[in-house]
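Listed below, chain by chain, are the residues.
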Amino acid sequence: MTESVAIAERLSASSKQCLGVRGLSKFFGDFAANRDVTLSIDAGEIHALLGENGAGKSTLVKMIYGILKPDAGSMELLASAYSPNNPGDAKSAGVGMVFQHFAVFDALTVLENIALGLEGRFPDKALATEILEVCERYRLHVELDQRIHDLGAGERQRVEIIRVLMQDPRLLILDEPTSVLTPQETEQLFTTLDRLSDEGRSIIYISHKLDEVRVLCDRATLMRAGQVVDVVDPRQESTRSLGEKMIGERLSETKRTQTIDAQTNAVRFSVRVGDVYPESTRNVVLTDVYLSVAPGSILGISGVSGNGQDTLFDVLTGELTLPTPDSIILNDAPVAHLDVEQRRHKGLLGAPENRLDHAAIPELTLWENVILTARHTRGILKNNHLISGKSAKAFAEEVVTTFDVRTPSVNAKASSLSGGNLQKFLIGRELLGNPKVFIVSNPTWGVDAKAQLFIHQMLLKLADQGASIILISQDIDELLSVTDRICVICHGRLSRTFSTEEMTPELLGALMLGQEIDS
Amino acid sequence: MDYGLLSSIIHSILVASTPLVFAGLGALIQERAGVLNLGIEGLMIVGALAGFATAVAGSPLLVSIFAAALAGAMLASVFALLVLKLYANPVATGLALTLFGLGLAALAGSQYVGQAAPQVAAWNLPFLSQIPVVGPALFSHDPLVYLSIFTAFVIWWFLTKSRSGLILRAVGENHTSAHALGFSVRGVRFLAIICGGALAGIGGSYLTLVQTPLFVEGMTAGRGWIALALVVFASWRPFRVIAGAYLFGSVSIIQLHGQALGVSIASQWLSMLPYIVTIGALVIIAGRNDLTQKPPGALGSIFRESK
């Protein structure tokens, strides 16, 4: 404790301000990625940088970290002029950065990975001792002899953070640090960050998750189209007001209005299965799953990640077929034995959580990706085996225009689109096939606020047209605003189904932890 | 048992294996940096010719070795230019390098065919070479045999005990991350290719300087390919490259003696043995999900700086 106080005094003695940015601009051709950006960060402050994809946050931090050189403007670090030519300069000046995609090496040990990030250090005993001291101080636990390959995302990030902390930084930049973390890991990260800020170190925190920013950050700078539009105290804002300031327009509230299904008790799609053992032993076993959805209704399935959602999605869409046909009924017909393709012909479509690799092939163009699931519509496949590029492109064009997908053309690779745009495209691809039942998993994961809103409206509109939707999500706000009914999955078991009106975040939380709730 | 025969068999196994040790280590250092160079065969034959030409001209052994290393390194620098700077496909470029090296050596070496290089004197290590049987088998060799083992030790030390070696492994494992940490991926790979080329060149020169003091077109006879297989067999570890090379060398020498003793196994079967062993080793490596036995993560992939 006394040690951290000493450090805090040492750091704050120099100046109250840690980083000052004045009139920074960066142009790529005619495009202004940053225009006249001014920013001030105090010692010990956790400062959020908010903005949509393409608002210029990454460009700004890349200039602060010396990866890009500004075209105009100046920076000041700890009361002296600061203009790094490369990340090495930034490091020695006391700026550290934790990247969104970790710069770690799978086959090397934790110790070797940390040594690589430190100028002139070798993975020996002396370094190991120093690392353990830092780990102790910030309560970060890692096994130095483990190989990165065997670690989860949270532990990999910890390795990166330790690597940066070993350089004794005055300013830390974190780019979307929680996008791959579980809630528990996020909490641990926040504890570490709080401790760093207590020591007088400053933190720039880039995130899409407005809730997190409200809990963690002292101030937030909002960026739009390369410019700073506002600086606010996030603790005085609601998630919604932050979101509105960020995108610069009022977010119309997404709220489910009860429709046809409330009156009729018709069931479009029902599932009643016993135990389902997934192919991979890593996935959770499902036990006694019962659910049903009426036409025009949205059922939400909540739960902490890794509680059987993957297996459930596979069972619902047909990636995992069951030997007992009548355990899943679609329009009074048994379908549990049918595969994805056969179920698709019956009007059951799905959009998996993993956009790249699962829903789309990253290296293929948008129109080629259309063929993967929509090939039986609009003559994309001639005589069942010849691809009509023209029809596929026309279909892709229609998805792009109907669902406002921002892309230069349908010839762009799937991997070149931002998360939100790709998701709009992938959901749109299914919606144009007029699904009767639509299964979607975490559709707004890592998507900016505006695209999120758009995707919610797509789902609501689909329900209004009479489709049955099952929305598997970890986003509680999303579930509460979009669905009609909610149930929770925990250890592969589904809870009782509640109507969304009677559901509260507290109740959801209890269910997610597996507590039994009697009605 | 005739100890004199045993001793001379072991002696000839070491002689047969040494080119493979050099060439294997040359391939290993490149592959640990993520470079797949299928041109080892071409680098070896160019080294063989350069070493031979200087020896015939009367240069001392050291100069011949240096000339062989230089020839290998120069040809390898062409590969480096094509692959690192012009983003050529490394597999196709490596194959072209083999064909180019074989052709170049045949053309430039035609005047040397039929000539003989002076015999390289053996270094009898003091005391050790006096030990009966073991002495003449292991400690009475030309300097290059000792150099090959020393090189393996140096490479092992470099890879596991030096920071530069750690950086080289990092570059071979994940070039994107290495670049993000500020290491020069291209610089590291260039140096690895040059060193690997030099080692392959020395391996080639061993054929013309020691094994058969003659130069013949195409005399490397597939040793470059065996060296590449050896690296996989050795799961990218230097000392295992030596072990593998000696195993391969043993098979070929024992096969010769076996024929002399009238063992009736077709020599083709014995010639196949090293490859069968390699395939077996590959299957075992693939089956064991042990990361330390796996190829470097970025092996054979093209590095571009953009993004």
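Residues numbered from 1 in each chain as written. Chains lettered and ligands numbered in written order. Predicted model: local features only at pLDDT ≥ 70, side-chain atom pairs only at ≥ 80, totals over all residues.

## Section: the pairing of strand β4 (residues 72-77) of chain A
Residue and element names in this part refer to chain A. In this structure, strand β1 (residues 17-28) lies alongside β4, joined through five bridges in antiparallel fashion. Within β4, the residue paired with R22 across the bridge is S74. As paired elements, β4 and strand β5 (residues 80-81) share two bridges and run antiparallel to each other. For E76, the partnering residue across the bridge sits in β5 and is A81. (Pairing = 2+ DSSP bridges. Helix = DSSP H or I, 4+ residues; strand = E, 2+ residues; numbered from the N terminus.)

## Considerations on the sheet that holds strand β9 (residues 219-224) of chain A
Residues and elements named next belong to chain A. Strand order in the open sheet formed by six strands is β6-β7-β8-β3-β9-β10, with mixed pairing between adjacent strands. Each edge of the sheet is formed by a strand with only one pairing partner; in this case those strands are β6 (95-98) and β10 (227-232). Pairs of neighbouring strands in the sheet enclose a mean axial angle of 20 degrees, with direction left out of account. Note: β9 against β10, five bridges, orientation antiparallel. Each bridged residue has a counterpart across the sheet, and for M223 the counterpart in β10 is V228. (Axes fitted to C-alpha atoms, helices over the stretch in contact; angles between N-to-C directions.)

## So, the environment of R137 of chain A
Residue and element names in this part refer to chain A. Assignment of secondary structure puts R137 in helix α5 (residues 125-138). Residue class for R137 comes out partly exposed when judged on the 14 C-beta atoms lying within 10 Å of it. In the structure, R137 is positioned 58 residues away from R195 in sequence and 9.2 Å away in space, judged by C-alpha atoms. (Buried ≥ 20, exposed ≤ 12 C-beta atoms within 10 Å, placed from the backbone.)

## Observations concerning the pairing of strand β11 (residues 269-273) of chain A
Residue and element names in this part refer to chain A. As paired strands, β11 and strand β12 (residues 289-293) are joined by five bridges and run antiparallel to one another. When the sheet's bridge partners are listed, V273 is paired in β12 with V289. Bridge count for β11 against strand β14 (residues 328-330) is three bridges, and the pairing is antiparallel. If you follow S270 over to β14, its bridge partner there is I329.

## A few points about the interface of chain A and chain B
Of the residues lining the interface, 19 residues belong to chain A; the matching set on chain B comes to 14 residues. Contributing elements (two or more residues each) for the side of chain A that touches chain B: α3 (87-93) and α4 (110-116) of chain A. Ranked by residues supplied to the side of chain A that touches chain B, first place goes to α4 of chain A with three residues. Grouping the amino acids of the side of chain A that touches chain B by side-chain chemistry returns 11 nonpolar, five polar and three charged. (Contact = placed C-beta atoms within 7 Å. Nonpolar A, V, L, I, M, F, W, Y, C, P; charged D, E, K, R; others polar.)

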